[in-house]
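Here are the chains, one letter per residue:
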Amino acid sequence: MGAVGMGLVDCHCHLSASDFDSDLDDVLEKAKKANVMALVAVAEHSGEFEKIMQLSERYSGFILPCLGVHPVQGLSPEDQRSVTLKDLDLALPIIEKYKDQLLAIGEVGLDFSPRFANTDKQKEEQRQVLITQVQLAKRLNLPLNVHSRSAGRPTISLLQEQEAETCETVAFNFNLLRNRFTCARTRKTGTE
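The model shown is predicted, which means the values in this text are computed figures rather than measured ones.

Criteria and thresholds
- Residues take numbers from 1 onward in each chain, read along the sequence in its written order.
- For this predicted model, a pLDDT threshold of at least 70 governs which residues receive local features, and a threshold of 80 or more governs which side-chain atom pairs are given and counted, while totals over whole chains, interfaces and linings are taken from all residues.
- As a convention, hydrogens and water are excluded, and side-chain values are obtained from all of the structure's heavy atoms.
- Secondary structure is summarised from DSSP: a helix means a run of H or I of at least four residues, a strand means a run of E of at least two, and numbering begins at the N terminus for each.
- Type-normalised accessible area, obtained with a 1.4 Å probe on protein chains alone, sets the label of each residue: buried when under 20%, exposed when over 50%, and partly exposed for intermediate values.
- Every residue pair with non-hydrogen atoms within 4.5 Å of one another is taken to be in contact.
- Strands are labelled as partners when DSSP assigns at least two bridges between them.
- The salt bridge definition used is simple: a Lys or Arg side-chain nitrogen within 4 Å of an Asp or Glu carboxyl oxygen.
- Arc definition: it is the arc formed by the directions from the helix axis to the C-beta atoms.
- Between the first and last residue of a helix there are one fewer steps than residues, each counted as 1.5 Å, and that sum is the expected span.
- Axes here refer to lines fitted to C-alpha atoms; in helices the fit is confined to the stretch in contact. Angles between the N-to-C directions go from 0 to 180 degrees.

What about the overall build of the protein?
Step number 1: Looking only at helices and strands, one finds 5 helices and 9 strands in the protein.
Step number 2: Of the regular secondary structure in the protein, the N- to C-terminal order runs β-α-β-α-β-β-β-α-β-α-β-α-β-β.
Step number 3: Classification of the 192 residues of the protein by burial places 41% in the buried group.
Step number 4: The long-range fraction of contacts in the protein, counting pairs at least 24 apart against all pairs at least 6 apart in sequence, stands at 72%.

Structure representation (structure tokens):
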């Protein structure tokens, strides 16, 4: 297969944010003119999932979807709080519905900023939410798009505990095959 020109990939953007509602087409055209070949659209909460999937269908091969539950929940800055298992329970059926169309599980992680997680209980619940999503990503053979703020070492430790490091590095092939952007997804090593 012939080589495709070099380009950029935005590996983490929030295109489902209402900030883009009025000018998304213009933003995407500017990105293409700047030699951006793909945009990885990440979610923060289940309320964004359908919009991200619609965008990925509308801009097939250019917007690549990631669904996951971020450690900080809440739409407005005043309402933001630490994630709970209930947030994850709402999200899992939707992730399962779209599992074959996803590039990755994300944006997931830990955020121990005192404003969001100032108790051991909140931190442990964030850990449980992340553990569940790591296990989901491994089961679905998908990479993770990971967030970490004020929790770098705990995030790395959790990923190691969950053997997320046994996943091979994501390798992107920027080959346009039948107008589709293809990606070699992660595989658990040592398994068939």
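What to know about the pairing of strand S7 (residues 144-149)
Step number 1: Strand direction decides the pairing type here: strand S6 (residues 104-111) and S7, joined by 6 bridges, are parallel. Across the sheet, residue isoleucine 105 finds its bridge partner in S7, namely leucine 144.

Some words on the side chain of glutamine 126
Step number 1: Relative to the elements of secondary structure, glutamine 126 occurs in helix H4 (residues 120-140).
Step number 2: In contact with glutamine 126, not counting residues within four places along its chain, are Pro71, Ser82, Val83, Gly109, Leu110, Asp111, Phe112 and Ala117.

Considering the pattern of salt bridges
Step number 1: Counted by the stated rule, this structure contains 9 salt bridges.
Step number 2: Three or more residues are tied together by salt bridges with common partners; here these are Glu96, Lys99 and Arg139.

Notes on helix H5 (residues 152-161)
An α-helical segment advances 3.6 residues per turn. Residues three or four places apart therefore align on the same side.
Step number 1: Three or more residues of H5 are buried, namely Thr155, Leu158 and Leu159. Summarising the axial view, the buried residues of H5 lie within an arc of 100 degrees, below the 170-degree limit, and thus occupy one face. H5 presents Arg153 and Glu161 as exposed residues on the side facing more than 90 degrees away from its buried surface.
Step number 2: In this structure, the buried residues of H5 make contact with S6, H4 and S7.
Step number 3: Where H5 terminates, the next one or two residues include glutamate 163, which has phi positive at roughly 60 degrees.

Overview of H4
Step number 1: Over its 21 residues, H4 runs 30 Å from end to end, which matches the ideal 30 Å to within 8%, given 1.5 Å per residue.
Step number 2: Looking at H4, one finds that the buried residues are Gln126, Val129, Leu130, Ile131, Gln133, Val134, Leu136, Ala137, Lys138 and Leu140.
Step number 3: Buried residues in H4 make contact with strand S5 (81-82), helix H3 (85-98), S6, S7 and H5.
Step number 4: Following H4 by one or two positions, asparagine 141 has its phi on the positive side, about 60 degrees.

Topic: the sheet that holds S7
Step number 1: Strand order in this open sheet of 5 strands is S1-S2-S3-S6-S7, and the pairing throughout is parallel. Bordering the open sheet on either side are strand S1 (8-13) and S7, each of which pairs with just one other strand. With direction set aside, neighbouring strand axes in the sheet form an average angle of 25 degrees.

None of this, on its own, says anything about what the molecule does.
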